[in-house]
Structure formats: C-alpha cells, structure tokens
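Single-letter residue listing:
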Amino acid sequence: MGGVHRLFEDRVRETPDAVAIATEDAPITYAELDRRANGLARRLLAAGLRTGETAAVVGDRRADVVVAILAALKAGGAYAVIDPDQPMGELGRLLAAGRARVVVTNGNLVPRVDDGTGRPVVGVDAVGADSADPPDAPVGSRAAVLFTSGATGPRRPVEVGHARLRAAYAAWAEVFELGPADRHLVTAAPDVPAFTGGWFRALCSGGTLVLPGRRRAGTTVLDTEPATVDAVLDEYPTDSLRLVAVGGERLTVADQDRLRRRLPPDARVLNVYGTAEVAGCGTWFEADQSASQEQAPERISLLGRPFPGCAVALAEGEIMLTPPDGGYSVPTGDLGQLRDDGLLEFRGRQANRTTVRGRTVDPYEAEAVLAAQPEIRDAVIGSAEGELVAYVVPRGEDPVRLAAVRDHLHGVVPEPDVPDRVVNLAAFPRDRAGRVARRLLPLPPSAATPRRSGKGGGQMTSADWSFAWRGFLTFVSLPAAIVLTAVFWPGSTDLTAVPQPWATLFGGLYIVEILAFAVGVGFLLFGRQPMLRQGRSPVLTTLAHLGSSGCWCRGGRRTTPTASRRRTTGPSRRRSSIPST
C-alpha cells in the first residue's frame, strides 16, 4: 500500500497547480509544497535520519510544520510535532519520550531545541533547498508519534502506523464526503492529534488546508472543538460551510442542534470521538442517526456509531475502540452506554471520578445537570480538602451561589454527590486539545466563613474546621519554636555577652530561623494539596512535600545551638567568632 504521503503525491500529480495551503501571504500550491518537502527530506537523510526513526517537528509557523511532516514521511521516518512555546524541561522530556533522532525547526528556534545531547537540528526554512525529485527512501511501519492531551497527567507518546492512517483516511473520506473542492479550516494546534486528522483529510483529498488567520472566506469544512466553535462561527462567514466536525470535549445533543441552526440549511454538524491510539477515528454522531426526540438533549452527549472499519465495545462500562485497520481493542478511559437504538452515549471519564469521605463519586451526572442550567455556561466537579467543589462558569456577570447549585441537584443525584462548595471562574483552564485541565483548577478559598449545609442555614463544614485547626497549629509554632529552643538548648538565645553590633545581627538571625520554622510547619500543613494539583505521582509528591517541609524546619533549628556553643565556651573563643575589623 505504501506510506500515507503517497496519497498526497497522487494529488500532486493530478492537480499540481491547485492550492494546497492557504496562508496569510501567498498561497502554496501542491507542486510547491511537494518540492519543499522533497528538499527537506533529503536534508533529513543527510542529517542521519534512518527508516522508522522519529523526526521531531518544532515549529512556530503552521505551513512549515506541514512541510516538515511531509518531509519526515518522504524520508522514511515518523514525525512527532512538539509545541515550541512550553517550558524547556517539558520540551526536552517530549523529545526524549518521542525518541527523536533529528529535530526540524525554524532558524529562530534552534537555541531552544539544541539541548546539548548532540541530536542533529535541521532548519526547515533553508533557502534554495527545494527538489523536484523525491528521495529514494524505504517506508517504515511508523508514520507518526502523537502525544496525548495531558488533561489528567503528563503527555505521553502514541505510535501510529501508515496502515492505520490510511484506513482512517478511507473512513473519514466516506463519512465526511471529502472532495478536492473543499477548503478545510483546522483550529487545533499542530502538536494535537486532531491536527493530524485535519491536514491529512485536506491534502490527501486534493482540498485546501486553510490556516488560521484573516482569509477564511469560502471555508467548507470546519474542524474544531467545543471551546472554540462558537468564536469561529461568530467571527467568520458561515454561508459556505457544508460540514462542521467537533471533537475533543463533550458536545451535547442540544449543542449540536444549536450549531446546526447557525449554519446553512444543508450543512452537517458531526460530533467526532476518537483517541490518539486510533488516530482520532472512532465514532461519529449526526442528528439524523437518532429516530426519536431526546428527552433531555441539553444533558445527553451521543457519540453515535463507529466509523467504517472501526468497532465499539464496552468492558465494565469503559469504552473500547477497535482501530480502523483492525487489531486489538483500545481502552479509552471513558465511560459509555450502548442504547437500544445502537447509539453510543457518553457517560463521563474514569479519571474524573474522585473519592470524598471514603466514597467514590462520579461527577458526570451532576456536571451535566449544572451545565444545562440557563445561568451556567459550563461546570465541572472536583474535590479539595475532603469536600466536593463545583467549578462553574456563569453566563452573566452574577456569580452562581451554592444554594442555587444545591437546588439544581436536589433529588437528581444522591445527596453525597451534591457539592459542598462552589467556585466561580471566568473560564476553565484547558489543555492543548481543548479539554478542561482539571488538575489546574484553583483550590477553593478556605475562608472561615460558614458554608451552607443542605438547604438550611450555615454551619462550619469539616473542611472549615480542618483549615482552622491547621491555621492554629501554624500560629502556635512561632512561640513553640522559642520555647522548645530554650528547653532543649538552654541559654542558646542569650546575647548579653555578645558585643554590638553582633548581638543585633545574631538576634535577627534567630528571628529568621524561627520564621523559617513556622514556614516549614505551615507548608507541612497546607502545602500538599497545591503540590498534588501539578499532576505528578502522589507518592513522589508526598515525599517531596515532606522533604521540603523538613528542610524549612531544619533550617530554622540547625544553626542556633551551633552559635550557642561558640558563644558559651569562654571569652577568648567568643571573641574569635567575631570578624576582625
């Protein structure tokens, strides 16, 4: 069958002068894009890229990223797109995780990707390096290394082969009804798996890949996620759209109906579902798949039916996807339900479950109910300090009150599943794929004000008492440090025999030490929850938390007895500890 880039090369031979990429500057034709990719592929081979190895693409211009992707494939390698605008440590981790043999980047980014490992760096924007002839390189089994979104932890690599991408393209072409007249606007970032599906569908069908910018007129296919679809439709003309494919995050049946009313009468709105392991080709839902009217469309998210060649199964409620090229079923970590009409319904994610007061809570039902309320734009539920917290984004300027949240959920979900607190946010933090990054949600304010319990008056919750008790311990640690120092090291803080100005300096040192001890105690009591929000291993986080707290506490106690021994061994020894002037 050959590599997936052969589909692109077929389009080059058929329509070399057609526009492949519509940019803010001059458009790039299929022939020009092919020449640039051929030249870069030869430079990758010269840099040492061998069949099946990974070429990491780190670029800040999308057109160059597409050139580099095609070049890596033409050279017989696999590509892995990495975002350059991230911390250096994370960039280096992803390069190592993707097993990058060569890095392709823009000239201005060379200092960021040159990490001293000796990994060759090839510039994508070299002048005069185009080639009309493709390199004679064998095709490996690996086509791409896609990185997961990182919503629940560090992003991890997923290897995808040529056979899987070609099978996915055949499924997409059938469902999306792809053709050379289509202009595809893909809003996903290049390092997100959805971008692979976007450029692949556009350039392998002979269409035009429209890059984000001002020139979006005439777009026929919009590939986006729920967090951005409304903004795109608000800003740009919709009269030419025939298809809107939305993936990444949950899209309700009511959302689909609302989007369809904003488009031309014959336009289609698809809810697309698939993980990186299946190249994003899993299931799709369109309104006409359901023969009946949904009872609560604002609370139901239908994932529909599998793409051609794919299959869906449930294992103890978890959605299992069979890739379009066959093979083993892939666990998704998502929960679903197969309805009597054969449609797959989304029922939340395993990673979103939380344990509060010894009970495992699945927040999906409560989140769906809250997000369906007219005064709430979106809602997620998490846990903090032993309580359930509802994070909401209000539609208006007025904040959503806890009493309203409890009223909405009363009688709908079990009482233990009703949140104890509510946090209003202007917007949710999101990962690269547009999903809510729950681990980045802020901790709720632990104010000592009473919280509402049930529908009645206010009373102190367990979290309030816990916060007050820890605050009290932190406060008493200051006098405790002074008292314990005097008990275990008698006379260690006596400065009567120390002349000025050294007595004042030593006194300041004691104050700093005692404050450091108090900071260590405070971090020990309050620091673990914020550290857990970073998404690292709970065991390593606990060890780092205890180690950091111990360093602060030891730093506040270690130097005092040492100074005391120097001052109490006699006048001559005491004078010798004071620098000579």
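For every chain, the first residue of the written sequence is number 1, and numbering continues from 1 onward in sequence order. Note on the predicted model: pLDDT of at least 70 is required for a residue's local features to be given, and 80 or more for side-chain atom pairs to be given and counted; whole-chain, interface and lining totals, by contrast, use all residues. Side-chain calculation: all heavy atoms of the structure are included, whereas hydrogens and water are not.

## What about the overall build of the protein chain?
Inference 1: When helices and strands are tallied, the protein chain shows 17 helices and 26 strands.
Inference 2: For the exposure calls, accessible area comes from a 1.4 Å probe over protein chains only, and a residue counts as buried if that area is under 20% of its type's maximum, exposed if over 50%, partly exposed in between. By residue count, 51% of the 581 residues in the protein chain fall in the buried class.
Inference 3: A contact between two residues is defined here by any heavy atoms of the two lying within 4.5 Å. A separation threshold of at least 6 residues defines the contact pool for the protein chain, and within that pool the share at least 24 residues apart is 63%.
Inference 4: We get accessible surface area from the Shrake-Rupley algorithm with a probe of 1.4 Å; when it comes to residues, only the shown protein chains can shield them. Carbon and sulfur atoms provide 56% of the accessible area of the protein chain, an area that totals close to 26400 Å². Elements are defined by DSSP. Helices are runs of H or I of four residues or more, strands are runs of E of two residues or more, and each kind is numbered from the N terminus.

## Thoughts on the packing of helix α6 (residues 162–176) against helix α7 (residues 193–204)
Inference 1: Relative orientation of the contacting elements α6 and α7 amounts to 70 degrees, with a least axis distance of 10 Å. One element, α6, and the other, α7, form an angle in the roughly perpendicular class. In this structure, α6 uses L165, R166, Y169, W172 and F176 to contact α7, whose residues at the interface are T196, G197, F200, R201 and C204.
Inference 2: For the contact of α6 with α7, the residue count by class is six nonpolar, two polar and two charged. Axis definition: a line fitted to C-alpha atoms, over the contacting stretch in the case of helices. Angles run 0 to 180 degrees between N-to-C directions. Working definition: roughly parallel below 35 degrees, roughly antiparallel above 145 degrees, roughly perpendicular at 65 to 115 degrees, and oblique for all remaining angles. Ten residue types, Ala, Val, Leu, Ile, Met, Phe, Trp, Tyr, Cys and Pro, are classed as nonpolar, four, Asp, Glu, Lys and Arg, as charged, and the remainder, Gly among them, as polar.

## Brief notes about the pattern of salt bridges
Inference 1: Put simply, a salt bridge is a Lys or Arg side-chain nitrogen that is within 4 Å of an Asp or Glu carboxyl oxygen. Summed over the entire model, instances satisfying the criterion amount to 39 salt bridges.
Inference 2: For R142, the salt bridge goes to E159, with nearest N and O atoms at 3.3 Å. Remark: E159 occurs in strand β8 (residues 157–161) and R142 occurs in strand β7 (residues 142–147); sequence separation between them is 17 residues.
Inference 3: E159 gets classed as partly exposed once you look at its relative accessible area, which sits at 41%.
Inference 4: A single network of salt bridges, built from pairs that share partners, joins D230, D234, D255, R258 and R262.

## A few points about helix α1 (residues 5–14)
Every α-helix carries 3.6 residues per turn, so stepping three or four residues along brings you back to the same face.
Inference 1: Of the positions making up α1, those classed as buried are H5, L7, F8, E9, R11 and V12.
Inference 2: Looking at the buried residues of α1, the elements they touch are α2 (30–46), α3 (62–74), α6 and α7.

## As for the side chain of T252
Inference 1: Here T252 is to be found in the loop between β12 (243–246) and α9 (253–261).
Inference 2: Using a relative accessible area of 5% as the deciding quantity, one classes T252 as buried.
Inference 3: Under this definition, polar contacts are N or O atom pairs within 3.5 Å; protein pairs additionally need one hydrogen-donor-capable and one acceptor-capable atom, and for neighbouring residues in sequence, both atoms have to be side-chain atoms. In terms of polar contacts, T252 uses its side chain to reach the side chain of D255, at 2.9 Å.
Inference 4: Setting aside chain neighbours within four positions, we find T252 in contact with P297, E298, I300 and S301.

## Quick word on the packing of α2 against α3
Inference 1: With their axes 8 Å apart at the nearest point, α2 and α3 run at an angle of 55 degrees to one another. With respect to α3, the axis of α2 lies oblique. For α2 against α3, the interelement crossing comes out right-handed. Facing α2, whose interface residues are L33, D34, R36, A37, N38, L40, A41 and L44, α3 presents D64, V66, V67, A68, L70, A71, A72 and K74.
Inference 2: The residue inventory of the contact of α2 with α3, partitioned by class, reads eleven nonpolar, one polar and four charged. By the definition used in this description, the sense in which the near helix is turned from the far one sets the handedness, with an anticlockwise turn below a right angle giving left-handed and a clockwise turn giving right-handed.

## Brief notes about helix α10 (residues 364–371)
Inference 1: For α10, the buried fraction is high: seven of the eight residues fall into the buried class.
Inference 2: Within α10, the full set of buried residues consists of Y364, A366, E367, A368, V369, L370 and A371.
Inference 3: Those residues of α10 that are buried are in contact with β19 (344–349), β22 (376–384), β23 (387–394) and α11 (402–409).

## Some points on unusual backbone geometry
Inference 1: That bond from Q500 to P501 is cis: its omega, 5 degrees, falls within 30 degrees of zero.
Inference 2: Checked against the element boundaries, P501 lands in the loop between α12 (462–488) and α13 (502–526).
Inference 3: If you check the backbone angles, R99 has positive phi at about 55 degrees while not being a glycine.
Inference 4: Here R99 lies in the loop between α4 (88–97) and β5 (100–105).
Inference 5: One non-glycine residue with positive phi stands out, namely A279, at about 60 degrees.

## As for the sheet that holds β23
Inference 1: Taken in spatial order, the three strands of this open sheet run β22-β23-β24, and their pairing is mixed. Across the chains shown, the open sheet's two edge strands, defined by having one partner strand only, are β22 and β24 (421–424). On average, adjacent strands in this sheet sit at an angle of 25 degrees to one another, irrespective of strand direction.
Inference 2: Bridge count for β23 against β24 is four bridges, and the pairing is parallel. Considered in β24, the bridge of V392 is made with N424.
Inference 3: Packed on one face of the sheet, α10 meets β22 and β23 and runs near 150 degrees to β22. Two strands pair under a simple rule: DSSP has to find at least two bridges between them.

## Examining the packing of aromatic side chains
Inference 1: Any pair of Phe, Tyr and Trp rings, taking the six-membered ring for Trp, is counted once the centres come within 6.5 Å. Such a pair is stacked with planes under 30 degrees apart, edge-to-face with planes over 60 apart, and tilted for the rest. Taken as a whole and judged by the stated rule, the model has seven aromatic pairs.
Inference 2: Arranged with centres 5.7 Å apart and planes meeting at 70 degrees, the rings of Y169 and F200 form a pair that is edge-to-face. Here F200 lies in helix α7 and Y169 lies in helix α6, a separation of 31 residues in the sequence. Each of the two residues, Y169 as well as F200, counts as buried.

## Details of the confidence of the model for the protein chain
Inference 1: One number per residue, pLDDT, summarises how confident the predictor is, and it ranges from 0 to 100. Looking at the protein chain as a whole, its pLDDT mean stands at 83, while 82% of the residues score no less than 70.
Inference 2: Taken together, the stretch residues 447–459 has pLDDT below 50 and engages in 19 contacts with residues farther than four places along the chain or on a different chain.
Inference 3: Across residues 556–581, where pLDDT falls below 50, the model places 31 contacts with residues more than four positions away in sequence or in other chains.

## Digging into the nonpolar core
Inference 1: Only buried Ala, Val, Leu, Ile, Met, Phe, Trp, Tyr and Cys residues count toward a nonpolar core, and they belong to the same one when joined by side-chain atoms within 4.5 Å. Among the nonpolar cores identified, the biggest contains 71 residues, and L33, F176, W199 and F307 are the most heavily contacted of them.
Inference 2: With ten residues, the top contributor of residues to this core is α3.
Inference 3: Excluding anything up to four places from it in sequence, F307 contacts A171, W172, V175, F176, V272, C281, G282, T283 and W284.
Inference 4: Judged by nonpolar contacts, the second largest core, of 18 residues, contains V356, L370, L402 and V422.

## Points about the environment of R430
Inference 1: Here R430 is to be found in the loop between β24 and β25 (451–452).
Inference 2: Sequence separation between R430 and G150 is 280 residues, and the spatial gap between their C-alpha atoms is 9.8 Å.
Inference 3: In this view, R430 contacts A227, E249, D378, R435, V436 and A437; residues no more than four positions away in its chain are not counted.

## Let's talk about the pairing of β19
Inference 1: With respect to burial, β19 is a largely interior element, five of its six residues being buried.
Inference 2: Relative to β19, strand β15 (residues 302–306) is paired through two bridges, and the arrangement is antiparallel. Bridge pairing links L302 to E345 in β19.
Inference 3: Judged from the four bridges that link them, strand β18 (residues 330–338) and β19 form a sheet pairing that is antiparallel. For G336, the partnering residue across the bridge sits in β19 and is F346.
Inference 4: Between β18 and β19, which pair antiparallel and follow one another directly, the connecting turn spans five residues, one of which, G342, has a positive phi of 85 degrees.

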